Amino acid sequence: MNILLIGAGGREHTLAWKLTQSSQCEKLFIAPGNAGTARLGTNLEIDITNFEKLADACIQEDIKLVFVGPEEPLVKGIVDYFNKNEKTKHIHIIGPTARSAALEGSKSFAKDFMKKHNIPTAAYQEFTADNFKEGVDYIQQHSLPVVLKADGLAAGKGVMICQSYLEAQAEFDLMILRSKFGEAGKRVVIEDFLSGIEMSVFVLTDGISYVMLPEAKDYKRIGEGDTGLNTGGMGAVSPLPFFDAILEKKVIEKIIEPTIKGLQQDNMDYKGFLFIGLMIKENEPFVIEYNCRLGDPETEVVIPRLTNDLVNMLLLTAQSRVNEIEIEIDARSAVAIVAVSGGYPAEYKKGKSIQGLDISLDECMLFHAGTEVKDDEIVSNSGRVFVSVAFGSDIKDASELADYQMQQVYFEDMKYRRDIGYEFIKENIFPK
Ligand code: AMP
Ligand code: GLY
């Protein structure tokens with residue numbers, strides 16, 4: 001069958017690589033894709049929120065399955081659009097409806113959902129211009145640090161961890177009174193700071209049954225040793241050595257099962273991946289956030305470890321037959337390291353020619369993120385440019401190989417972290 005994949009990053013190149021391994025995938029289309037996906041299928045230059053054009057392309061190319069990578073089209077209702085439209089309702093589309101995608105699109109909705117279904121999360125209150133004064137008082141009596149979250153999508157920048165009352169007060173003012181994040185910040189969730197180890201779990205669900213994918217951890221800070229500004233993700237590892245059977249059982253019983261039951265009780269249609277960001281505090285899991293999609297760069301380590309036929313899994317999901325899926329996981333460790341443009345996440349240059357992308361090493365994969373073809377050359381066109389992924393018998397092995405592969409590829413001012421997975425490597429292989 002013909003398949004359309006929506007998105008353009010490292011996550012989408014990884015998914016394209018996996019989808020095209022299935023004998024059920026005839027032609028793959030990617031909208032808009034990158035230079036990496038162009039080698040696996042046909043890139044379509046369509047905006048990811050232009051539902052009408054995406055639907056037209058599906059009719060024209062006889063597409064039977066649509067997979068939505070990023071959150072924006074999901075939060076804006078692409079699944080509802082396809083399911084309601086006469087011309088597209090026969091097409092299987094993977095992802096939650098807008099109402100269910102609000103688990104990511106509205107922090108306040110997600111917190112209410114967790115509270116209602118007794119899912120462990122940080123204690124919180126929400127405020128708008130209407131109860132602004134109460135918010136000010138709430139901040140003043142809160143312990144430090146205090147966490148402020150813009151309610152809506154804010155391109156990953158809407159969370160402030162404030163170390164002082166002055167800072168918290170200033171951020172609160174900026175969001176509510178001065179529209180720092182536009183509409184997204186007109187409602188603010190103020191919550192307790194949770195300390196511990198962060199990790200992510202992923203489930204594929206049809207809203208009734210679910211299967212769990214391998215767990216992962218991403219590295220958000222630009223600098224080695226988790227220092228500097230937050231980014232879209234500098235690397236990821238899977239599996240996590242501390243995620244043992246006891247912790248897994250707690251995550252399933254206290255978080256995943258109540259979440260899936262909550263979807264049913266609240267009549268929330270959900271056919272797709274759900275990403276649950278967790279904080280493990282004294283061996284107890286708490287939900288930091290829900291995302292209504294797979295993560296990036298977590299996908300680059302989770303999907304290579306999945307040995308099932310992905311097309312088959314998606315079709316079973318669309319048919320509400322997730323209970324028939326048996327997940328098969330490669331026992332090896334995987335490490336992903338992201339190469340970024342110098343200056344990122346602040347200002348950086350685009351259009352740099354990239355050499356060495358055709359490298360082919362055993363147990364390695366190289367996924368494009370922000371790349372495009374210009375004058376027969378592959379050049380950078382974003383902050384995160386490509387991802388070096390390697391397997392290994394443990395995180396140390398995988399990390400060394402991913403680093404070796406990274407050294408074979410080059411563009412001017414390329415930067416990457418050499419310490420991804422450092423907490424899981426006993427003798428630090430890259431001493432500073
Ligand atoms: P989010 O945009 O919800 O992914 O949050 C961004 C990051 O902020 C998370 O990955 C955490 O590292 C951190 N964070 C969010 N909420 C909390 C919290 N309640 N306590 C501690 N850290 C948090
Ligand atoms: N890696 C975090 C995210 O995809 O949101």
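Below is a summary of the structure that appears in this document. The model shown is predicted, which means the values in this text are computed figures rather than measured ones.

With that settled, consider the layout of surface pockets. In this structure, the second largest pocket encloses a volume near 280 Å³. At the level of elements, α4 (78-84), β5 (92-96), α9 (245-265) and β14 (270-281) are the ones that each hand at least two residues to the lining of the second largest pocket. When residues of the lining of the second largest pocket are assigned to their parent elements, the largest contribution, four residues, is made by β5. Across the lining of the second largest pocket, the residue classes break down as nine nonpolar, eight polar and three charged.

Turning next to the packing of helix α1 (residues 10-19) against helix α11 (residues 310-318). For the pair α1 and α11, the least separation of the axes is 8 Å and the interaxial angle reads 95°. Taken together, α1 and α11 sit at an angle that is classed as roughly perpendicular. Along its contact with α1, which presents Leu 15, Lys 18 and Leu 19, the element α11 presents Leu 310, Val 311 and Leu 314. A breakdown of the residues in the contact of α1 with α11 according to their chemical character gives five nonpolar, no polar and one charged.

Within the largest apolar cluster, 72 residues are counted, with the highest numbers of intra-cluster contacts made by Leu 4, Val 66, Ile 78 and Phe 386. Looking at this core element by element, the count peaks at six residues for α9. Those residues in contact with Leu 4, other than ones at most four positions away along the chain, are Phe 29, Ile 30, Ala 31, Leu 44, Leu 54, Cys 58, Ile 63, Leu 65, Val 66 and Phe 67. Listed in part, the 44 residues of the second largest apolar core include Leu 65, Phe 202, Leu 294 and Val 322.

Before going further, it helps to spend a moment on the site of ligand 2. If you check the shell around ligand 2, you find Asp 218, Phe 275, Asn 291, Arg 293, Gly 295, Asp 296 and Glu 298 and nothing else. One of the side-chain N or O atoms of Asp 218 is found 2.8 Å from a nitrogen atom in ligand 2. In this structure, a nitrogen atom belonging to ligand 2 sits 2.9 Å away from a main-chain N or O atom of Asp 296. Across the complex, the protein chains shield 85% of the 200 Å² of accessible surface that ligand 2 would expose by itself. Considering only residue class, the shell around ligand 2 consists of one nonpolar, two polar and four charged.

Analysis parameters
- Residues numbered from 1 in each chain as written.
- Chains lettered and ligands numbered in written order.
- Predicted model: local features only at pLDDT ≥ 70, side-chain atom pairs only at ≥ 80, totals over all residues.
- Heavy atoms only, no water.
- 1 Å grid on protein atoms, 1.4 Å probe; cavity = no way out; pocket = protein on both sides within 12 Å on 5 of 7 lines; lining within 4 Å.
- Points joined across faces, edges and corners; volume = space filled by probe spheres on them.
- Helix = DSSP H or I, 4+ residues; strand = E, 2+ residues; numbered from the N terminus.
- Nonpolar A, V, L, I, M, F, W, Y, C, P; charged D, E, K, R; others polar.
- Axes fitted to C-alpha atoms, helices over the stretch in contact; angles between N-to-C directions.
- Parallel < 35°, antiparallel > 145°, perpendicular 65-115°, else oblique.
- Contact = heavy atoms within 4.5 Å.
- Core = buried A, V, L, I, M, F, W, Y, C linked by side-chain atoms within 4.5 Å.
- Buried < 20%, exposed > 50% of the residue type's maximum accessible area, 1.4 Å probe, protein only.
- Near = heavy atom within 4 Å.
- Polar contact = N/O pair within 3.5 Å; in protein donor to acceptor, adjacent residues only side chain to side chain.
- Areas by Shrake-Rupley, 256 points an atom, 1.4 Å probe, with all protein chains shown as cover.

So, to be careful, I would describe these as geometric facts and stop short of saying anything about function.
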